Amino acid sequence: MLSLAAGPERVNDACLGIHGADDFMETMCHKESEEYPGIDGKPKSGMIFTGLDNLGVLRKALSDNTTIKNADDVGASVVIPERDEKGVLVTMSDDMVDKLEKLKNAYRYAGALKKNQEPPIEYLEDFEEVQKTFRAPSSVIAHPFNLISKMKEVIADPELATGASFYQIVEGQEETARKVIEEFNAKKIKEERKYVSADLLNSGLVTEKNIKSDDDGSDEEKVRGYEVSVEAALIGSEIRIESTDFKTQNTFEEIAAKHGLDLDVHDSPKLAAMIENFKDEMAHPRGMIDEDTKSPIVKQIIFCDMLGLHSKIRRLLQKRCGISAGKIVIVTGQTNNTPEEIQAVQDGFNAQGEENRYQVVLANEKAEVGINLQKGTQAIHHLTIGWTPDSIE
């Protein structure tokens with residue numbers, strides 16, 4: 001933008017003799033190698049912008065080449081469209097609060113180690129427990145992005161933070177559950193992970209191997225990691241699967257449906273609050289097709305960037321709200337990737353009457369751009385909210 005306003009030569013000179021956008025990034029932006037969630041929900045490794053270098057040079061370049069004014073300076077005003085917003089206070093369980101406190105204490109202890117300082121001895125026990133649970137090095141535990149990510153999981157759903165998926169079965173279906181588990185385990189599903197818990201490491205389901213750290217696939221981009229053989233097990237009236245991968249969950253649920261196994265799931269305080277809001281919207285139709293026409297169908301959108309929760313949310317909508325599975329469509333980087341598929345979701349959601357296919361869209365950031373879901377939409381539920389500046393904006 002500076003180059004467009006003042007010309008590239010002037011900007012290059014003002015910014016320590018850079019040449020182009022790549023040079024600007026290298027000179028002015030501080031980057032670190034971090035793991036971050038991709039749009040498909042899987043962790044990726046890459047260079048993350050964490051701050052600015054040469055801030056004095058950048059300030060001078062801006063002041064010499066721009067005139068900054070606010071809305072009052074130019075006699076304009078910023079108008080925010082009217083909308084009803086409802087924030088819901090969720091009370092966490094004592095166990096959730098305890099988990100969060102341990103994560104914070106472990107972060108403080110690891111942070112001191114990273115700075116070569118004497119770590120607070122009172123946090124040692126929590127640090128060792130977190131390290132055992134996630135098998136992550138202290139440098140990862142000490143990173144604020146890792147802390148935020150783990151805390152977000154605990155707040156959204158403590159089960160997700162365990163790295164496993166859980167299903168409840170009704171009494172009398174134990175034999176059917178065993179058949180489903182046997183068929184699922186026979187598929188021998190394997191997943192690559194950078195870290196695994198100590199319990200999983202000792203389970204006999206894990207082998208060490210070189211795994212890709214990003215999509216490059218070159219030998220230089222491989223790191224030491226683990227290959228996990230994903231298995232399901234029946235423990236009392238609960239089935240545990242050692243995965244939170246959306247595709248793996250779908251595979252298990254399809255087998256369960258084929259055998260007629262009735263699955264249910266637990267909800268967390270946050271999920272329960274979202275479901276109550278959803279049911280309240282269902283009970284009070286107010287969506288508009290246009291300025292004069294009310295929508296006879298209560299259409300709602302749920303944003304959740306944790307793909308491991310999508311299957312659970314879909315099942316909660318079916319069990320608690322009476323929404324049929326066929327009326328729920330999931331839009332993520334793992335599904336609906338082509339323009340034709342996105343258009344089909346848009347048309348199916350916006351349609352009315354018998355032509356309407358979807359009443360609920362459950363999505364991550366994939367549905368934030370490039371798709372119009374406004375026709376008759378009554379409510380948007382933000383189960384998770386991005387914590388980076390661009391996400392907040």
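Up top you'll find the structure we're talking about.
Q: Mind showing me how you'd approach the overall build of the protein here?
A: A tally of helices and strands in the protein yields 16 helices and 13 strands. Among the 393 residues that make up the protein, the fraction classed as buried is 40%. At a minimum sequence separation of 6, the contacts of the protein that also span at least 24 residues come to 69%. Of the roughly 22800 Å² of accessible surface on the protein, 49% is carried by carbon and sulfur atoms.

Q: Sorry, what's going on with the side chain of R315 here?
A: Mapped onto the elements of the fold, R315 is located in helix 14 (residues 310-321). Residue classification places R315 among the buried positions, given a relative accessible area of 14%. Within polar-contact distance, the side chain of R315 engages the side chain of E253 at 3.1 Å. Here R315 is in contact with Y167, E253, L263, D264 and V265, once residues within four sequence places are set aside.

Q: I tried to follow the sheet that holds strand 7 (residues 232-235) on my own but got confused; where do I start?
A: Sheets are built from strands that pair by backbone hydrogen bonding, the pairs being arranged parallel or antiparallel. With respect to topology, four strands assemble into an open sheet ordered 7-8-3-9, the strand pairing being antiparallel. Only two strands of the sheet have a single partner each, and these edge strands are strand 7 and strand 9 (263-264). Looking at chain direction, strand 3 (residues 165-169) and strand 8 (residues 238-241) are connected through four bridges and run antiparallel. When the sheet's bridge partners are listed, Q168 is paired in strand 8 with E238. Each of strand 3, strand 7, strand 8 and strand 9 is contacted by helix 12 (residues 246-259), which is oriented at about 15 degrees to strand 3, the strand it contacts most.

Q: Help me understand the pairing of strand 10 (residues 299-303) in this model?
A: Moving residue by residue along a regular strand, the side chains alternate between the two faces of the sheet. Of all five residues in strand 10, five are buried, a share of seventy percent or more. Across the two faces of strand 10 the burial is the same, with K299, I301 and F303 and Q300 and I302 all buried. Pairing of strand 10 with strand 13 (residues 377-382) involves five bridges; the strand directions are parallel. Along strand 13, the bridge assignment pairs Q300 with A379. With four bridges connecting them, strand 10 and strand 12 (residues 360-363) associate as parallel partners. Across the sheet, residue Q300 finds its bridge partner in strand 12, namely V360.

Q: So what exactly am I meant to see when it comes to the packing of aromatic side chains here?
A: A ring pair, where both rings are aromatic, is described by two values, the distance of the centres and the angle of the planes. For the structure on display, the rule yields three aromatic pairs. Relative to F252, the ring of F184 lies with its centre 5.5 Å away and its plane at 85 degrees, an arrangement referred to as edge-to-face. A residue pair is termed long-range when its members are at least 10 positions apart, and F184 in helix 10 (residues 174-186) and F252 in helix 12 qualify at 68 residues. An identical accessibility class is assigned to F184 and F252; each is buried. The rings of Y167, F184 and F252 are connected pair by pair, giving a single aromatic cluster. For K299, the ring lying beneath its charged end belongs to F349, and the centroid distance is 5.4 Å.

Q: Where do I start with the nonpolar core in this structure?
A: For soluble globular proteins, the rule of thumb is that nonpolar side chains tend to be buried together. One finds I239, F252, L309, I313 and L317 to be the most contacted residues of the largest nonpolar core, which totals 39 residues. When residues of this core are traced back to their parent elements, those giving at least two are strand 3, helix 10, strand 8, helix 12, helix 13 (269-283), helix 14, strand 11 (328-331) and strand 12. The contact partners of I239, leaving out residues within four places of it in the chain, are S165, F166, Y167, I169, A177, I181, A232, A233, L234, F252, L261 and L263.

Q: What am I meant to see in helix 13 here?
A: Three- or four-residue spacings in an α-helix give side chains the same orientation, since the helix completes a turn every 3.6 residues. Between its first and last C-alpha, helix 13 extends 21 Å over 15 residues, near the 21 Å set by a 1.5 Å rise per residue. Along helix 13, the residues classified as buried are L271, A273, M274, I275, N277, F278 and E281. Residues of helix 13 that are buried in the fold lie against helix 8 (144-156), strand 10, helix 14, strand 12 and strand 13.

Q: I would appreciate a short explanation of unusual backbone geometry in the present structure.
A: A negative phi angle characterises most non-glycine residues, just as the trans form characterises most peptide bonds. The phi dihedral of N54 falls on the positive side, at around 50 degrees, and the residue is not glycine. Here N54 is to be found in the loop between strand 2 (43-52) and helix 4 (55-65). A positive phi angle is found at N116, which is not glycine, with a value near 60 degrees. Along the chain, the position of N116 falls in the loop between helix 5 (94-114) and helix 6 (124-134).

Q: I keep staring at the sheet that holds strand 11 and nothing clicks. Help me out?
A: Taken in spatial order, the four strands make up an open sheet running 11-12-10-13, and their pairing is parallel. Every other strand in the sheet has two partners, leaving strand 11 and strand 13 as the edge strands with one partner each. For this sheet, the mean inter-axis angle between neighbouring strands, taken without regard to orientation, is 15 degrees. Both strand 11 and strand 12 contribute to a ladder of four bridges, which runs parallel. When the bridges of strand 12 are listed, V331 appears paired with A363. Running at roughly 175 degrees to strand 13, helix 13 makes contact with strand 10, strand 12 and strand 13 of the sheet.

Rules used in this analysis
- Residues numbered from 1 in each chain as written.
- Predicted model: local features only at pLDDT ≥ 70, side-chain atom pairs only at ≥ 80, totals over all residues.
- Heavy atoms only, no water.
- Helix = DSSP H or I, 4+ residues; strand = E, 2+ residues; numbered from the N terminus.
- Buried < 20%, exposed > 50% of the residue type's maximum accessible area, 1.4 Å probe, protein only.
- Contact = heavy atoms within 4.5 Å.
- Areas by Shrake-Rupley, 256 points an atom, 1.4 Å probe, with all protein chains shown as cover.
- Polar contact = N/O pair within 3.5 Å; in protein donor to acceptor, adjacent residues only side chain to side chain.
- Pairing = 2+ DSSP bridges.
- Axes fitted to C-alpha atoms, helices over the stretch in contact; angles between N-to-C directions.
- Phe/Tyr/Trp six-rings, centres within 6.5 Å; stacked < 30°, edge-to-face > 60°.
- Lys NZ or Arg CZ within 6 Å of the ring centre and 35° of its normal.
- Core = buried A, V, L, I, M, F, W, Y, C linked by side-chain atoms within 4.5 Å.
- Expected span 1.5 Å × (residues − 1).

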